[in-house]
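Chain by chain, the residues run as shown.
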Amino acid sequence: MDAKISSDILYIGVDDNDIDLFESQYAVPEGMCYNSYLILDDKIAIVDTVDFRKKDEWLTNLQNALQGKNPDYLIVHHMEPDHSGCIKTVMDLFPSLTLVASAKAIQFINQFFEDSSLSARAQAIKEGDVLSLGTHSLQFIAAPMVHWPEVMVSYDAESKILFSADGFGKFGTIDADLDDWACEVRRYYFNICGKYGLPVSNLLKKASQLDIQTICPLHGPILQGEKLAEALRLYTIWSNYDVETKGVFIAYASIHGGTKAVAEKLAEILREKGAPKVSISDLSRDDQAEAIEDAFRMSTLVVAAPTYDGDLFPPMYDFIHHLELKAFQKRKVAFIENGTWAPAAGRIMKAMFEKMKQITMVEPVVTIKSRMTKADVLALETLAEEILR
Ligand code: FEO
């Protein structure tokens, strides 16, 4: 991308095409980027650093953008290591640099870097504080739990830019294909921020008071125009846990193919009965983060799994546990269980969803004994009608 966001605000972030799993858990087939910015004003501010793995590339970008000048401030919006990894490096490199961050972030700096000189050079800021750089002034806005408690975002009224930290982030490198932009923004949102709907909603309320023309997040593309409006629209739906797409998402886990056949049959019946959208995922093989995303996206979730060791088949247990972690709520859920001699999966799955908020359980649970029979197909027909009711 063009490094110039405006005449005096530059992009100095880096792409990460070597990473195998983001946060050691999320597949990122289009890589990842750690965004960082430089504001060249009377005072020069570096806005966040990057993952330490990309230190050399980032320092090159920084030095090229500085062109021999000395920076005055390092703004730290978020202390997670994918952004804070190079704090000590850059503070050591520029001894006159003042670190600007929330008090909680300064506490975390002491935990991540065993170097008390860093916090001694820190200026704590809180909600409403303004840091004047000359033409630009950064107004700080607290965004706790988007996605850690120390997070601040900042707004520059001069350029109408919101530096949004993890908010509005996306998996993928900075120049990754934008045609299907929402898919990787959604997968990022529900897996990284999904649990924090209320804090995100609070941040959106504060942001609505500002004239924002550009959003500069810490991951993914810089947002302007239609993409910015679309991002705000989607974030409003997602942070309220509202349904984005009317339809049914069938998540199944199958040991020997019996449960898979049932899940696929239900998908066929739902399509025949005119379900607006049906998608299906094999939890043992497909990307779990994508399954989490689809569960939040659609209005109804169907979970289909066998009993295993008198308990629930682990891929399904893991999926539902992840949904619980991410505060899954406000959805209709239907159940299919399989068991050759003592089916227990349905009872266990229901118990797991009972712990979540505003879940409407569709009855009855369909029980398969080993392989689907003609009678089971009739039960699936009834279940499909209940789902679409
Ligand atoms: Fe991109 Fe919460 O770190």
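In this text the structure is predicted, and so the values were computed from the model without any measurement. (Residues numbered from 1 in each chain as written. Predicted model: local features only at pLDDT ≥ 70, side-chain atom pairs only at ≥ 80, totals over all residues. Heavy atoms only, no water.)

1. Section: unusual backbone geometry
As a reminder, the rule being used: In DSSP terms, a helix is any run of H or I states spanning at least four residues, a strand is any run of E spanning at least two, and both are numbered starting from the N terminus. Burial classes: relative accessible area under 20% of the type maximum marks a residue as buried, over 50% as exposed, and values in between as partly exposed (1.4 Å probe, protein chains only).
In this structure, the amide linkage connecting V146 to the following residue, H147, adopts the cis form with an omega of 15 degrees. A positive phi angle is found at D48, which is not glycine, with a value near 65 degrees. With respect to the secondary-structure elements, D48 resides in the loop between β8 (44-47) and α1 (55-66). By relative accessible area, D48 is classed as buried at 2%. Not every positive phi belongs to a glycine, and Q358 is a case in point at roughly 50 degrees. Looking at where Q358 falls in the secondary structure, it is placed in the loop between α12 (345-354) and β23 (359-361). For Q358, a relative accessible area of 57% puts it in the exposed group.

2. Some details on a negative patch on the surface
Selection criterion: Patch building starts from residues that exceed 30% relative accessible area and form no salt bridge, then joins like charges within 9 Å and nonpolar side chains (Val, Leu, Ile, Met, Phe, Trp, Tyr) within 5 Å. Here, Shrake-Rupley sampling with a 1.4 Å probe gives the accessible areas, and only protein chains in the shown set may cover a residue. Salt bridges are counted wherever a side-chain nitrogen of Lys or Arg sits within 4 Å of a carboxyl oxygen of Asp or Glu. The sign given to each residue is positive for Lys and Arg and negative for Asp and Glu; His and the chain ends receive no count. A single reference atom marks each charge: NZ on Lys, CZ on Arg, CG on Asp, CD on Glu.
Among the surface-exposed residues, E30, D177, D179 and D180 lie close enough to one another that they form a single negatively charged patch. Here D180 shows up in the loop between β15 (161-163) and α6 (181-193).

3. Considering the domain arrangement of the protein chain
Selection rule: A domain assignment, automatic or from a database, supplies the domain bounds used here. Between two residues, a contact is recorded if the distance between any of their heavy atoms is within 4.5 Å. Here's the idea: put two parts together, see how much 1.4 Å probe accessible area each one loses, and the total over both is what we call buried area. In protein, a polar contact means a hydrogen-donor-capable atom and an acceptor-capable atom, both N or O and within 3.5 Å, with residues adjacent in sequence counting only if both atoms are side-chain atoms; elsewhere, any N or O pair within 3.5 Å suffices. Only Asp, Glu, Lys and Arg are considered charged, only Ala, Val, Leu, Ile, Met, Phe, Trp, Tyr, Cys and Pro nonpolar, and every remaining residue, Gly among them, polar.
Here the domain parsing of the protein chain yields domain 1 (4-239) and domain 2 (247-388). The distance between the C-alpha centroids of domain 1 and domain 2 comes to 38 Å. In this complex, domain 1 contributes ten residues to the contact, which on the side of domain 2 involves eleven residues. Roughly 950 Å² of surface becomes buried between domain 1 and domain 2 when both sides are summed, with 53% attributable to carbon and sulfur atoms. Summed over the shared surface of domain 1 and domain 2, the number is two salt bridges. Linking E293 and R186 is a salt bridge whose minimum nitrogen-to-oxygen distance equals 3.1 Å. Seen at the junction of domain 1 and domain 2, the total is four residue pairs in polar contact (both at pLDDT 80 or more). Where the side of domain 1 that touches domain 2 is concerned, the elements lending two or more residues are β5 (26-27) and α6. Among the elements that make up the side of domain 1 that touches domain 2, the one with the highest residue count is α6 (five residues). Here the residues of the side of domain 1 that touches domain 2 are counted per class, giving four nonpolar, three polar and three charged.

4. Things to note about the side chain of R187
Turning to its location among the elements, R187 is positioned in helix α6. For R187, a relative accessible area of 2% gives the class buried. Reaching out from R187, the side chain makes a polar contact with the side chain of D287 at a distance of 3.1 Å. Once you skip the residues sitting within four places of it in the chain, R187 turns out to touch A27, V28, P29, F171, D287, A289, E290 and E293.

5. With respect to the sheet that holds β8
Short version of the rule: One bridge is not enough; two strands pair if DSSP finds at least two bridges between them. The convention used is that axes are lines fitted to C-alpha atoms, helices contributing only their stretch in contact, and that angles between N-to-C directions extend from 0 to 180 degrees.
The strand order β1-β2-β7-β8-β9-β10-β11 describes an open sheet built from seven strands, whose pairing is mixed. Each of the sheet's edge strands pairs with one partner strand only, and the pair in question is β1 (4-6) and β11 (122-124). Across this sheet, the average inter-strand angle for adjacent strands is 25 degrees, counted without regard to direction. With four bridges joining them, strand β7 (residues 37-40) and β8 adopt antiparallel strand pairing.

6. Brief notes about the pairing of strand β18 (residues 245-252)
We count it as follows: Note on handedness: a clockwise path from strand one over the helix to strand two, with the strands aimed away from the viewer, defines a right-handed crossover.
Judged by how many residues are buried, β18 sits mostly within the fold: seven of eight residues are covered. Both β18 and strand β20 (residues 298-308) contribute to a ladder of six bridges, which runs parallel. Its bridge partner being in β20, Y252 is matched across the sheet by A304. On the question of chirality, the crossover connecting β18 to the parallel strand β19 (residues 278-282) by way of helix α9 (residues 258-272) is right-handed.

7. Describing the packing of α6 against helix α8 (residues 225-239)
Each pair of packed helices gets described by two things: the angle between the helix axes and the distance between those axes. Stated formally: We call a crossing left-handed when the near helix sits turned anticlockwise from the far one by less than a right angle, and right-handed when that turn is clockwise.
Packing of α6 against α8 brings their axes to within 11 Å, and their N-to-C directions diverge by 35 degrees. In the crossing of α6 with α8, the sense of the turn from one axis to the other is right-handed. Every residue of α8 that contacts α6 at W181, A182, V185, R186, Y189 and F190 is listed here: K227, E230, A231, L234, Y235, W238 and S239.

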